Amino acid sequence: PQLRRLLEWKAGADNGFSVAVGKCGKYLSRYLPPALYSAYLGSYTAAEAGALWEAVLGMCGLFHTLAQELSQRLGLCYDCREAAASRSHLEHVRLLPPDAAEIYEDLPCSRSSEELI
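Right, let's walk through the structure included here. (Residues numbered from 1 in each chain as written. Predicted model: local features only at pLDDT ≥ 70, side-chain atom pairs only at ≥ 80, totals over all residues. Heavy atoms only, no water.)

### Remarks on unusual backbone geometry
Here Phe17, not a glycine, exhibits a phi torsion of approximately 50 degrees, which is positive. Take Phe17: it is sitting in the loop between α1 (2–14) and α2 (28–31). We note that Cys24 has phi near 60 degrees; this positive angle belongs to a residue other than glycine. Turning to its location among the elements, Cys24 is positioned in the loop between α1 and α2. (Helix = DSSP H or I, 4+ residues; strand = E, 2+ residues; numbered from the N terminus.)

Structure follows, in structure tokens:
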């Protein structure tokens, strides 16, 4: 949903915020460059692990590119460090063995679990 929202903003920004992309972005294809709309459609894929990971990572790349462009055009803040950390986490999870019981091995904590309760 957030990628679609960003694409809606892109369509709006490219057209002086004078267009409506319809409910659930049904008219996005009218207002986006064909290559960009095609990349968006690529985020919908078959329910197969490898294809899903490629779609997720492609969607993240598309979101990052659009967020950087729109943040500059509209004078908004975009935290590239948070984006890189999120991408790094996804890449880490993707490379976990199928039988992994944890995402990260024991991480050092500054507080005990009792302090968090």
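### Here's the deal with the packing of helix α4 (residues 49–74) against helix α5 (residues 80–94)
In the contact formed by α4 and α5, the axes pass within 11 Å of each other and the chain directions differ by 175 degrees. Our classification of the angle between α4 and α5 gives roughly antiparallel. Of the residues in α5, those in contact with Trp53, Glu54, Val56, Leu57, Cys60, Gly61, His64 and Gln68 of α4 are Cys80, Ala83, Arg87, Leu90, Glu91, Val93 and Arg94. Broken down by class, the residue content of the contact of α4 with α5 amounts to eight nonpolar, three polar and four charged. (Axes fitted to C-alpha atoms, helices over the stretch in contact; angles between N-to-C directions. Parallel < 35°, antiparallel > 145°, perpendicular 65-115°, else oblique. Contact = heavy atoms within 4.5 Å. Nonpolar A, V, L, I, M, F, W, Y, C, P; charged D, E, K, R; others polar.)

### Points about the packing of α1 against α4
Closest axis-to-axis distance for the α1/α4 pair is 10 Å, and the angle between their directions is 40 degrees. Considered as vectors, α1 and α4 are oriented oblique to each other. Remark: the crossing between α1 and α4 carries left-handed chirality. Where α1 approaches α4, its residues Gln2, Leu3, Leu6, Leu7, Trp9, Lys10, Ala13 and Asp14 are matched on the opposing element by Met59, Leu62, Phe63, Leu66, Ala67, Glu69, Leu70, Arg73 and Leu74. For the contact of α1 with α4, the per-class residue count stands at 12 nonpolar, one polar and four charged. (Left-handed = near helix turned anticlockwise from the far one by under 90°.)

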